[in-house]
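Inside the fold
Each chain is listed here by its residues.
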Amino acid sequence: MRVLLLLLLVLACGCATTPQHQPGPFQAPVHRGLSEDPEVERLFLVEDPWEGFNRSMYHFNAQLDRYVYLPVLRFYEAVLPDSVQQGVSNVFNNFKEIPIFVNSVLQGNPKKASVSLGRFVFNTTIGLGGLVDVLGKGGIPQENEDFGQTLGVWGVSSGPYLVLPVLGPSGLRDAGGTAFDAVLTLNPANFLFDGMGWAARGTATTGVYGVKAVDARHQVKFRYYETGSPFEYQLVRFVYAKKRELDIAK
């Protein structure tokens, strides 16, 4: 019960943000234990042999987020109407259905595979290339399957905790899964700019990747160092590890 309450507290804090996405006071995490209580320490124990590197990378990501990502994101959200922002998110989410479908098949889950395939077909056609999440509005939300989960279903252990540049919390297994899913995820630029010259296509494709990166941050409401906890690094690590366990168990 204690773990559940702490988990809910972290999730609630992590999702809290101001409407303008203004970052709070920028403070580096304090490197200390969660508690003097050995039982609490044990409950939050996650394999983290590269903690020194991970903490440095966590702080680097926080600085990158504060000084690069969030200013761009605030401009993006101020310029584009909410309906346009939602349409952009829908398009990129629609292309995620391909790796979700493949991973559902690899996990031997035909039900999820059929849902993902159906969502992609209907949203791409009736939903105007994915601008409208037709089946989502009909009560059929997107599944959440990736190759890290597939490896977990196959019995591959999570491996040590790892904080990736820009991408954030991960693990050795999940990092490899992220690379696999990136190869499967289609880029809409491949279809939109197929007839362009090499230079023009390269510029347009770079622009699409930029919008994709901003949209990915737009969809994540977590803000570094705004949980109000001096143990944010440990708590984020714990929540990530437990969430991945639940993802694979389901």
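Please read all numbers here as calculations on a predicted model, not as lab measurements.

Each value, and the rule that gives it
- Residues numbered from 1 in each chain as written.
- Predicted model: local features only at pLDDT ≥ 70, side-chain atom pairs only at ≥ 80, totals over all residues.
- Heavy atoms only, no water.
- Axes fitted to C-alpha atoms, helices over the stretch in contact; angles between N-to-C directions.
- Helix = DSSP H or I, 4+ residues; strand = E, 2+ residues; numbered from the N terminus.
- Parallel < 35°, antiparallel > 145°, perpendicular 65-115°, else oblique.
- Left-handed = near helix turned anticlockwise from the far one by under 90°.
- Contact = heavy atoms within 4.5 Å.
- Nonpolar A, V, L, I, M, F, W, Y, C, P; charged D, E, K, R; others polar.
- Patch = residues over 30% accessible without salt bridge, like charges linked within 9 Å, V, L, I, M, F, W, Y side chains within 5 Å.
- Areas by Shrake-Rupley, 256 points an atom, 1.4 Å probe, with all protein chains shown as cover.
- Salt bridge = Lys/Arg side-chain N within 4 Å of Asp/Glu carboxyl O.
- Phe/Tyr/Trp six-rings, centres within 6.5 Å; stacked < 30°, edge-to-face > 60°.
- Buried < 20%, exposed > 50% of the residue type's maximum accessible area, 1.4 Å probe, protein only.
- Pairing = 2+ DSSP bridges.

Looking at the packing of helix 5 (residues 97-106) against helix 6 (residues 110-125)
With their axes 8 Å apart at the nearest point, helix 5 and helix 6 run at an angle of 160 degrees to one another. Relative to helix 6, the element helix 5 lies roughly antiparallel. Taken as a pair, helix 5 and helix 6 cross one another with a handedness that is left-handed. Across the interface between the two elements, Glu 97, Ile 98, Ile 100, Phe 101, Ser 104 and Val 105 of helix 5 pack against Lys 112, Ala 113, Ser 116, Leu 117, Arg 119 and Phe 120 of helix 6. Of the residues assigned to the contact of helix 5 with helix 6, the class counts are 7 nonpolar, 2 polar and 3 charged.

Quick look at a nonpolar patch on the surface
Together, Leu 106, Val 153, Trp 154, Val 156 and Phe 180 make up a nonpolar patch on the protein surface, roughly 410 Å² of accessible area in all. You can see Val 156 is positioned in the loop between helix 8 (147-153) and strand 1 (161-164).

Topic: the packing of aromatic side chains
If you walk through the whole model with that rule in mind, you get 9 aromatic pairs. With a centroid separation of 5.1 Å and 80 degrees between ring planes, the pair formed by Tyr 58 and Tyr 224 is classed as edge-to-face. A residue pair is termed long-range when its members are at least 10 positions apart, and Tyr 58 in helix 3 (residues 51-79) and Tyr 224 in the loop between helix 11 (198-218) and helix 12 (232-249) qualify at 166 residues. No difference in accessibility class separates Tyr 58 from Tyr 224, as the two residues are buried. Within the aromatic cluster, the residues linked to one another by ring pairs are Tyr 58, Tyr 161, Phe 222, Tyr 224, Tyr 225, Tyr 233 and Tyr 240.

Concerning the pairing of strand 1
Side chains Tyr 161 and Val 163 of strand 1 all project onto a buried face; the interleaved residues Leu 162 and Leu 164 project onto the opposite face, where all are buried too. The sheet contact formed by strand 1 and strand 2 (residues 168-171) spans 4 bridges and is antiparallel. Following the sheet pairing, Leu 164 is matched in strand 2 by Gly 168. Between strand 1 and strand 2, which pair antiparallel in sequence order, lie 3 residues; one of them, Val 166, sits at a positive phi of approximately 70 degrees.

Remember that the coordinates give geometry; whether it matters functionally is a separate question.
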